[in-house]
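Below, each chain spelled out in residue letters.
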Amino acid sequence: MLKQLNKKTLFLSSITFLIIWQIASWIYPPVIVPSPYLVIKNMVMYLGNPEFYADLSITLMRGLIGYVISVVLGILIAFSINHTSLLKNILYPYLLTLQIIPRISWILIAMIWFPLNSQIVIFIISITIMPTIAINTLEGLENIDPSLLEMAKVYKIKGPQIIRNIYLPSIAPYIFSGMKIALGITWKTVVMAELLTVQTGIGARMSYAKTSFSTDHILALTVYIIIIGLFFQGVLSKVKAHFERWKI
Amino acid sequence: MKNDIEMLHIDKSYNGFNILEDFNLKIPRNKITCIVGPSGCGKSTILNILSGLTHQDKGEITYIEESLISYAFQEPRLLPWRNAKDNLRLVLKNKMNEALIDSHVDYWLDSVELSDYKDYFPNQLSGGMMQRLALARAFAFPSNLLLMDEPFKGLDAPLRHKMIALTRKLWQQENKTIVFVTHDIQEALLLGHRVIALGGKPTTTLDELEIDIPVEDRKIGCVKLARQQGYLYDLIEHGSLGVKNCPRIQQIKNRFYDQKSFETLPCDDEKHPRKL
Ligand SMILES: Nc1ncnc2c1ncn2[C@@H]1O[C@H](COP(=O)(O)OP(=O)(O)O)[C@@H](O)[C@H]1O
Ligand SMILES: [Mg+2]
């Protein structure tokens, strides 16, 4: 989070945004720019729809499973290749390359490799964000102050203590910043993958809305994704703050 | 722990540049050995080799494995995310009775005059305070070999004298073997049982002095210490070429050792007035 967002400025800019949106919706037909009122109405309507809850929870589940898998995997991969410079030299370029491969390529390949169900979505999320986590963790590991490790060696500090007192506090900022970037990517990716590959979830719902040109529905669903994204960023900030207190 | 530690025929080079070549150093047990020499001559390298952090290219060190080492590095090397107390606690964990750690930590923080800063993090302390905290860590650790690398550098004079006195007290109480590296000759003469002057390229021992005045009786400015200080100063100033190649060094040595009469002068100038 940036240091301090000014609440008043934020409020004023939101109001201005809504006013501009409203004016635009008067100028253009609803298919192009639906009014904010229509979008909010749709959002409220979704709340009364049990099928929406099913889609929402399946999207959440896919996103979170994919996210957790890739965070754990990314950290493990970073730790295990950090040990030997040979492994690092071989695998690091691949991690960088993985980061560049367009998500859409993965989606197309995954559609050939996997049956069209949750697996495919989770795979796409993992393959997209795991490299980010691994690269950030590696960077953290590389930035551990070797003079502190020497100090630990001389004073015969035990392995678990070294991990807890030197490794974790050193790499945590890098991992958290990777996790934050990855979390943003997760929700974008999950919706995109659902839209293109499966029949369930918020993404699939958007796909239906698109075929019937229901721009108001697309925007209502988008706002839900934004809310989900902000909520989990908040959770992550809490976890981070908790960790910082704990390490102190 | 009776056998002296000895560095024998040590070679060490960095990037093809010989820092130490056939270097020998004897470190008597339970004594304070001071090493003085110009900056860059390899003093820190010697301590790093003794502590096992750096490996010599050649040569061996006797009886070093019997030692439990604490090391006051040239830089504080504190954990930035732990407060003063926890920085000390960390090295004591599993090394002494858990119940005693807190009082031990308090004692040493008090000794280096940091008891009001227990809960401060390193970035809230001044450079000198961080140095003292690192010193407290080295003192508190139950070692029998204590390595100190220019530990009082940058402290103001009164504080420096307090720290010298503290080191003496520690030695008197616990009889640790201490290797004390400094570029300050006066500091070395106030603390060391033996003072070793290094110089030359690659680094050799220019001379070793046994200081036979009991550490607690040493005062700045007493004639004998002043003479030794002048001698060491000359040695190091002219020592950059090493002993063998420099006739000047031999002259300096001869002049110092020929005037034997000074050797017998005790440190008490009032009872034994200067005769020059
Ligand atoms: N890790 C290192 N890599 C390369 N050169 C080094 C390293 N450590 C020390 N040196 C070199 O060895 C010499 C002695 O260094 P050092 O032991 O730190 O000297 P001192 O402590 O007496 O000032 C210096 O010339 C320094 O540049
Ligand atoms: Mg040094």
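Every chain is numbered independently, its residues counted from 1 as its sequence is written. Labels are handed out in written order, letters beginning with A for the chains and numbers beginning with 1 for the ligands. In view of the model being predicted, local features appear only for residues whose pLDDT reaches at least 70, and side-chain atom pairs are presented and counted only at 80 or more, with totals across whole chains, interfaces and linings using the full set of residues. The basis for every side-chain value is the complete set of non-hydrogen atoms in the structure, without hydrogens or water.

Enquirer: Let's hear about the site of ligand 1: which residues, and what values?
Expert: Residues and elements named next belong to chain B. Distances are taken per atom, and a residue is near a molecule or strand as soon as one of its heavy atoms is within 4 Å of it. Contacts to ligand 1 come from Tyr14, Asn15, Ile19, Pro38, Ser39, Gly40, Cys41, Gly42, Lys43, Ser44 and Thr45. Between ligand 1 and Gly40, the relevant distance is 2.7 Å, taken from an oxygen atom to a main-chain nitrogen or oxygen of the residue. Residue Gly42 places a main-chain N or O atom 3.0 Å away from an oxygen atom belonging to ligand 1. Against a free-state accessible area of 560 Å², the protein chains account for coverage of 60% of ligand 1. Any pair of nitrogen or oxygen atoms within 3.5 Å is treated as a polar contact; in protein, a donor-acceptor pairing is required on top of that, and neighbouring residues in sequence qualify only through side-chain atoms on both sides. Each accessible area value is a Shrake-Rupley result obtained with a 1.4 Å probe; residue values ignore everything except the protein chains displayed when judging cover.

Enquirer: I'd like to hear about the interface of chain A and chain B, residue by residue, with values.
Expert: What makes two residues a contact is simply this: any of their non-hydrogen atoms within 4.5 Å. Taken together, the contacts link 18 residues of chain A with 25 residues of chain B. Accessible surface is computed with a 1.4 Å probe, and the buried area is the amount of it that two parts give up when combined, taken over both parts together. Summed over both partners, the interface of chain A with chain B comes to about 2000 Å²; 61% of that surface belongs to carbon and sulfur atoms. The largest contributions to the chain A side of the interface with chain B come from Val154, Tyr155 and Asn165 of chain A, which together make up 34% of the buried area. Salt-bridge detection follows one rule: a side-chain nitrogen of Lys or Arg within 4 Å of a carboxyl oxygen of Asp or Glu. The tally of links between chain A and chain B comes to one salt bridge. For the salt bridge of Glu150 of chain A with Arg77 of chain B, the shortest nitrogen-to-oxygen distance reads 2.7 Å.

Enquirer: Residues and numbers for the sheet that holds strand E9 (residues 204–210) of chain B, please.
Expert: All names here are of chain B. Strand order in the open sheet formed by six strands is E5-E6-E7-E3-E8-E9, with mixed pairing between adjacent strands. At either end of the open sheet lies a strand with only one pairing partner, and these are strand E5 (69–72) and E9. Recorded for the sheet is a direction-independent mean angle of 15° between the axes of neighbouring strands. Bridging between strand E8 (residues 194–199) and E9 involves six bridges; their strand directions are antiparallel. Residue pairing across strands places Val195 opposite Leu209, the latter belonging to E9. The strands touched by helix H7 (residues 223–238) are strand E3 (32–36), E8 and E9; relative to E9, the strand with the most contacts, the crossing angle is about 175°. A strand pair is defined by DSSP finding two or more bridges across the two strands. A run of H or I in DSSP counts as a helix once it spans at least four residues, and a run of E counts as a strand once it spans at least two, with each numbered from the N terminus. Axis lines are fitted through C-alpha atoms, for helices just across the contact stretch, and the angle between N-to-C directions can take any value from 0 to 180 degrees.

Enquirer: I'd like a rundown of the sheet that holds strand E4 (residues 58–62) of chain B, residues and numbers included.
Expert: All names here are of chain B. A sheet is described by the order of its strands in space; here three strands give the open sequence E2-E1-E4, paired in antiparallel fashion. The open sheet has two edge strands with one neighbour each: strand E2 (17–27) and E4. Averaged over all pairs of adjacent strands, the angle between their axes in this sheet comes to 20°, without regard to strand direction. Both strand E1 (residues 5–14) and E4 contribute to a ladder of four bridges, which runs antiparallel. Pairing of Glu6 across the sheet is with Thr62, part of E4. Seen against the sheet, helix H1 (residues 43–51) touches E1, E2 and E4 and runs at an angle of roughly 120° to E1.

Enquirer: An account of the pairing of E3 of chain B is needed here, citing residue identities and associated values.
Expert: Residues and elements named next belong to chain B. Accessibility here uses a 1.4 Å probe with only protein chains present; expressed as a share of the type maximum, an area under 20% marks a residue as buried, one over 50% as exposed, and anything in between as partly exposed. Along E3, five of the five residues are buried, which leaves the element largely enclosed by surrounding structure. Burial along E3 is two-sided: the residues Ile32, Cys34 and Val36 and Thr33 and Ile35 are all buried. Strand direction decides the pairing type here: E3 and strand E7 (residues 177–182), joined by five bridges, are parallel. Bridge pairing in E7 links Thr33 to Val179. Note: E3 against E8, four bridges, orientation parallel.

Enquirer: Describe in detail the domain arrangement of chain B, supporting the description with residues and values.
Expert: Residues and elements named next belong to chain B. Residue ranges labeled as domains rest on an automatic or database domain assignment. With domains assigned, chain B is organised as domain 1 (5–68 + 143–275) and domain 2 (81–136). A C-alpha centroid distance of 28 Å is found between domain 1 and domain 2. Counting residues at the interface gives 14 residues for domain 1 and nine residues for domain 2. Taken over both partners, the interface formed by domain 1 and domain 2 buries close to 870 Å², and the fraction arising from carbon and sulfur atoms is 65%. Between the two partners, domain 1 and domain 2, sit one salt bridge. Taken together, domain 1 and domain 2 are joined by three residue pairs in polar contact (both at pLDDT 80 or more). Residue contributions to the side of domain 1 that touches domain 2 peak at eight residues, all from helix H5 (residues 157–174).

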